[in-house]
There are 2 protein chains.
Amino acid sequence: MHKEHPLTKNQQIIFDLIDKSPEPMKAYSILFSVQKKGIKAPLQVYRALDKLVEIGKIHKIESRNAFIACHNSSCQVSKATAFSICEICEKITEISSASLSKYLANFKDKDGMKYSKYNLEFFGLCKKCR
Amino acid sequence: MHKEHPLTKNQQIIFDLIDKSPEPMKAYSILFSVQKKGIKAPLQVYRALDKLVEIGKIHKIESRNAFIACHNSSCQVSKATAFSICEICEKITEISSASLSKYLANFKDKDGMKYSKYNLEFFGLCKKCR
DNA sequence: TTTAAAATTGTTATAATATAACACCATGTA
DNA sequence: TACATGGTGTTATATTATAACAATTTTAAA
Ligand SMILES: [Zn+2]
Ligand SMILES: [Zn+2]
Ligand SMILES: [Zn+2]
Ligand SMILES: [Zn+2]
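One structure accompanies this document, and this report is about it.

**Details of the overall build of chain A**
- Of the regular secondary structure elements, chain A holds four helices and five strands.
- Tracing chain A from N to C terminus, the helices and strands come up as α-α-α-β-β-β-β-α-β.
- Principal-axis analysis of the C-alpha atoms gives chain A an extent of 50 × 40 × 25 Å.
- Counting across all 130 residues of chain A, residues that qualify as buried make up 42%.
- Summarising the internal contacts of chain A: among those between residues at least 6 apart in sequence, 51% fall at separations of at least 24.
- Summed over all atoms, the accessible surface of chain A reaches about 7600 Å², with 52% contributed by carbon and sulfur.
- Side-chain charges in chain A split into 22 positive and 13 negative, and the spacing between the mean points of these groups amounts to 4 Å.

**Looking at the coordination of the zinc ion (ligand 1)**
All names here are of chain A.
- Distances from the zinc ion (ligand 1) to its protein donors, His59 (NE2), Cys70 (SG), Glu94 (OE) and Glu94 (OE), fall within 2.0 to 2.6 Å.
- Considering all four donor atoms around the zinc ion (ligand 1), angles at the metal cover 56 to 150° and the coordination shape is irregular.
- Ordering the donors of the zinc ion (ligand 1) by residue number gives the pattern H-x10-C-x23-E. Note that Cys70 is positioned in the loop between strand 2 (66-69) and strand 3 (80-86) and Glu94 in strand 4 (residues 92-94), a separation of 24 residues in sequence.

**Notes on the coordination of the zinc ion (ligand 4)**
All names here are of chain B.
- Only Cys86 (SG), Cys89 (SG), Cys126 (SG) and Cys129 (SG) from the protein coordinate the zinc ion (ligand 4), and they sit 2.3 to 2.4 Å from it.
- Classification of the site at the zinc ion (ligand 4) rests on its four donor atoms, whose angles at the metal span 106 to 115°, yielding the label tetrahedral.
- Given a relative accessible area of 38%, Cys89 falls into the partly exposed group.
- Looking at Cys126, the relative accessible area reads 9%, which means it is buried.

Conventions used here
- Per chain, residue numbering runs from 1 following the sequence as it is written.
- To label them, take the chains in the order written and letter them from A, then take the ligands in the order written and number them from 1.
- The predicted nature of this model means local features are confined to residues of pLDDT at least 70 and side-chain atom pairs, given and counted, to a pLDDT of 80 or more, with totals for whole chains, interfaces and linings taken over all residues.
- Calculation of side-chain values draws on the structure's entire complement of heavy atoms; hydrogens and water are dropped beforehand.
- Comment: elements are numbered from the N terminus, with helices defined as DSSP H or I runs of at least four residues and strands as E runs of at least two.
- Exposed residues in this analysis have more than 50% of their type's maximum accessible area, buried residues have under 20%, and partly exposed residues fall in between, with area computed by a 1.4 Å probe over protein chains only.
- Here a residue-residue contact requires only that any non-hydrogen atoms of the pair lie within 4.5 Å.
- Surface accessibility follows the Shrake-Rupley procedure with a 1.4 Å probe radius. Residue values consider only the protein chains on display as shielding.
- The charged-residue count follows a simple rule in which Lys and Arg add positive charge and Asp and Glu add negative charge, with His and chain termini not counted at all.
- Lysine's charge is taken at NZ, arginine's at CZ, aspartate's at CG and glutamate's at CD.
- Because water is not among the atoms used, a metal site may look incomplete, as its donors are only the N, O and S atoms within 2.8 Å, or 3.2 Å for Na, K and Ca.
- In short, tetrahedral needs four donors with all angles between 85 and 135 degrees, square planar needs four and octahedral six donors with opposite donors over 155 degrees apart and all other angles between 65 and 115, and whatever is left is irregular.

Below, the structure is given as structure tokens:
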């Protein structure tokens, strides 16, 4: 299980913002949104983001440089992430599939090597955009 | 099968450089290396990179903002990429596993949606670093 | 309780990554 | 020809992310 990490003030402000957002947020858009709350510099945002990613409360969508709150309840999710990304409307959803995560967690490459962590990004068209 | 794309001068210069590199290269490191050949501006590099990615000659490692030449002979690879990344020495290898690509190409999410494209990045420790 | 380590914060400056906008040129083809 | 398409060269700028340093708060030993 996750150890509980009580969030600090900046972390809480930024997590709440991302958590409420219907879509992934980018760092400088976060910065803009929290300036009224006293967070004025990029580093304050990036530090909170780093920590939130580390403890698995949010994930980074690498191909979009954007951050999304994790809504999976299971642990380990910060080490095993999968997303679907619509190439038209940019709708992004975290995929939680037991069979997928089982398959990837057990995947061995040619050298028999297993991996502790992965990030998978699927691209296609969402329901609306098809 | 791929349609053959004869590379333009800039594309060829940049592809050759990446292809020879033992490790993925970043855009500005590419820029530095090709300045003696007359490529002087970031845009010239990014334009060539975009095209090379599009036609599948190279791939972008999203979590590293770096580019690697594709050594898979099969087609479709630019739409279905998987890499292993060592978190210590940053050694990066393209994974070519028929079973993995088959599994992912056929993966359907909860809504029964299939995806035209994916990128998977595994993280762990390479042989040397274990 | 004291005290030292660890984590968090605030701040300025700067690095690294990527694109906008515009003019020009080459090549294919109607 | 004349037009479309794609590539090039160039300057400027936007976007994303980190370095460096000082101060403060939290944590957990001693
Ligand atoms: Zn998650
Ligand atoms: Zn869509
Ligand atoms: Zn490849
Ligand atoms: Zn290694």
